[in-house]
Amino acid sequence: MCGVVGYVGYRKAAPILINGLKRLEYRGYDSAGLVALDKDNQPRRYRGVGRVKNLEKQIQGEDLVATCGISHTRWATHGKPTEGNAHPHADISNKFFVVHNGIIENHAKLRAQLEADGVTFSSETDTEVIVQLVGRNFKGSLEGAVEEVLKVIEGTFGIAVVSSEDPGKIVAARRGSPVVLGIGRDEMFIASDVGALVPYTDQVVYLEDNDLAVMTATDYQVLSFDHVPIKRKTSMIDWTVEEGERGDYPHFMLKEIYEQAETVRNAMRGRVQLSEGVAVLGGLQSKIHQIQHLKKLIIVSCGTSYHAGMIGRHIFENLTEISVEVELASEFRYRRLRLDETVGVIAISQSGETIDTLAAIREARRKGALTIGLVNVVGSTIARETECGVYCHAGPEIGVASTKIFVSQLVILNLMALLIGRYQSVSLSEGINIIKCLQELPDQISGILKNAPRLEELARKYEKFPNCLFIGRQIHHPVALEGALKLKEISYIHAEGYAAGEMKHGPISLIDENFPTLALVSGDASYEKMISNIQEIKARSGPVIIVTSKRTAEMDEFADDVFEVPSTHELLQPILSVVPLQLYSYYCARFRGCEIDKPRNLAKSVTVE
Ligand code: M6R
């Protein structure tokens, strides 16, 4: 949450900061600001409520020649989104400036001490204490002052600090919130996400927790908070500029939905051996012996990644002998768990930065479990802190609503389970069958996408209803949860996902002619029961849309609308069934005039608890 971008070099800083913020806007977008230190070292600070484009308008026509500056796009935690609460924050001398992602937990105490000392605060934020303290601790070196402040602040932070008293320098530090340095020639960058750096450099250095970095145009140094130099390796960014752009699509979400055939191919590329019916996952190789003999797997994740984990449980239960639990990462860390080396903890995360998921794997590692990452963002904290893992290789996902990464996570969970299962009881022919079905998925997804106009039609028909229920059984229960999450987060239609068997235990009381239900029906053992549930809903005049891979006459008789998806192996069926739900949500949101890629109150990367 919150995007941070900084630049020091030979070019004008402001356009680079604005461009970087636009690329990070999915991290938070309720206000934005920047400060640039001009040639004469006069700070020029601009801040505004709302989107980065408002900030851009503010600086249009301003003669901003400064070549050093920091900027921020905010997801409010302390204090409303107002200009006064927008970053960068300044100290009382207006010579020191900070941008911050995270939460300073002891800010109230520090604020009270500073106020008692005569400091007047100009914002309601937790962040402002940082910069007031930097100003008071400055004795000639900006990093020296920041180091003093790091000794007293508690909580999580990724910060960047500049000062007109120590010009041409950015000091950054990290604890709990991501910070990445971009290394250029005679120019340096800092950001909370590599996405901001892609147009400028492919050489990056990821800071670890408790690292401080000092950057000038020509050099950078990483230090501990006690000023001991640290060597951090340089990594290459593997994203292209085009991948982070919308092209001709009206929204990133739509682009990402349409990329899913390719996403599936990328998730599988070089990772299957058809003749052997096996998956080949290099990132798990070093631990494969331990993984084969695990007694238990616990999948930890949040939101959409949690739904992928719930589907993962079905997949592992069917293909391996290992017992599986799925936990919301935010709950896992507070449980009294018995973990040891016979337990594997799989962290699923698109961003690789979700704070609860990160805390969960740290807890699991502390207790001796094997930690395994399933992450999209290469080099992200979860990817670095898990002992082994698999990348999605799905490219950047910019729309706040996760789509293509969900599908990628499901493909990889199948590959992981197949890898283990083939050491256990999965037969060669079953392995080959799963791989063949996986290979058919891209074309099947493309087929569903060709039917998008039908989903547009359905969205037009149902978007006027303020509520919607999604139901499914077995492996389709989490798909129902995911469908409901997609709909509510981008269209603001109240939506609930339920295991269909729970209908009679409460939710059916909601049903009337104004409460539609979207039912996921497969041809498996749950078919008859799903049909009964649907009849019960119809008996109460509830409109029903069925999404199915096995259309029957009964469905046409009972449902108001039926949307067909191709049929595949039952463990892969969610990969196809979710696509129409994504498109349905997208069109509902579009008809309702919602800001699809940046839904209200949300941010793509949840780096605060
Ligand atoms: O980056 P992560 O996968 O760890 O993020 C977890 C959730 O915040 C995320 O999946 C969220 O639920 C989606 N953006 C919703 O579409």
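Scroll up to find the structure this text is about.
Let us look at the structure shown here. Everything numeric here is computed off the predicted structure, so don't read it as measured data.

Observations concerning the site of the ligand
Right, so step 1: Of all residues adjacent to the ligand, which total 14 residues, the nearest are Ser305, Ser349, Ser351, Thr354 and Glu489.
Right, so step 2: Ser349 is positioned with one of its side-chain polar atoms (N or O) 2.6 Å from an oxygen atom of the ligand.
Right, so step 3: Taking Ser351, its side chain carries an N or O atom lying 2.6 Å from an oxygen atom of the ligand.
Right, so step 4: Protein burial of the ligand: of its 410 Å² of free accessible surface, 91% is covered by the chains.
Right, so step 5: Those elements that provide at least two residues to the shell around the ligand are helix H9 (303-319) and helix H16 (476-491).
Right, so step 6: The leading source of residues in the shell around the ligand is H9, at three residues.
Right, so step 7: For the shell around the ligand, the class distribution of residues is four nonpolar, eight polar and two charged.

Some thoughts on empty space enclosed by the protein
Right, so step 1: Counting across every chain of the model gives seven cavities of 30 Å³ or more.
Right, so step 2: When its volume is computed, the largest cavity comes out at roughly 190 Å³.
Right, so step 3: In terms of lining, the largest cavity is formed by 23 residues, of which the most central are Arg27, Asp193, Ser351, Glu353 and Val377.
Right, so step 4: Composition of the lining of the largest cavity by domain shows at least three residues from each of domain 1 (3-237) and domain 2 (252-448).
Right, so step 5: By volume, the second largest cavity is sized at about 70 Å³.

Here we look at the packing of H9 against H16
Right, so step 1: Running from N to C, H9 and H16 cross one another at 165°; their axes reach a closest spacing of 8 Å. As the angle between them shows, H9 and H16 are arranged roughly antiparallel. Crossing of H9 against H16: the hand is left-handed. Where H9 approaches H16, its residues Gly303, Thr304, His307, Met310 and Ile311 are matched on the opposing element by His477, Pro478, Val479, Leu481, Glu482, Leu485 and Lys486.
Right, so step 2: Tallied by class, residues from the contact of H9 with H16 come to six nonpolar, four polar and two charged.

Quick look at the sheet that holds strand E6 (residues 96-104)
Right, so step 1: The sheet built from six strands is open, its strands ordered E5-E6-E7-E8-E12-E13 with antiparallel pairing. The sheet is open, and its two edges are formed by strand E5 (89-90) and strand E13 (220-224), each paired on a single side.
Right, so step 2: Relative to strand E12 (residues 211-215), strand E8 (residues 170-175) runs antiparallel, the two being bridged by five bridges. Residue Ile170 lies in a different strand from E12, and its bridge partner there is Met215.
Right, so step 3: The sheet contacts of helix H4 (residues 128-137) involve E5, E6 and strand E7 (155-163), and relative to E6 the element is tilted by about 140°.
Right, so step 4: Here helix H5 (residues 142-150) sits on the sheet and contacts E6, E7, E8, E12 and E13; the angle it forms with E7, its principal contact strand, is near 160°.

Cut-off values and rules
- Residues numbered from 1 in each chain as written.
- Predicted model: local features only at pLDDT ≥ 70, side-chain atom pairs only at ≥ 80, totals over all residues.
- Heavy atoms only, no water.
- Near = heavy atom within 4 Å.
- Polar contact = N/O pair within 3.5 Å; in protein donor to acceptor, adjacent residues only side chain to side chain.
- Areas by Shrake-Rupley, 256 points an atom, 1.4 Å probe, with all protein chains shown as cover.
- Helix = DSSP H or I, 4+ residues; strand = E, 2+ residues; numbered from the N terminus.
- Nonpolar A, V, L, I, M, F, W, Y, C, P; charged D, E, K, R; others polar.
- 1 Å grid on protein atoms, 1.4 Å probe; cavity = no way out; pocket = protein on both sides within 12 Å on 5 of 7 lines; lining within 4 Å.
- Points joined across faces, edges and corners; volume = space filled by probe spheres on them.
- Domains from an automatic or database assignment.
- Axes fitted to C-alpha atoms, helices over the stretch in contact; angles between N-to-C directions.
- Parallel < 35°, antiparallel > 145°, perpendicular 65-115°, else oblique.
- Left-handed = near helix turned anticlockwise from the far one by under 90°.
- Contact = heavy atoms within 4.5 Å.
- Pairing = 2+ DSSP bridges.

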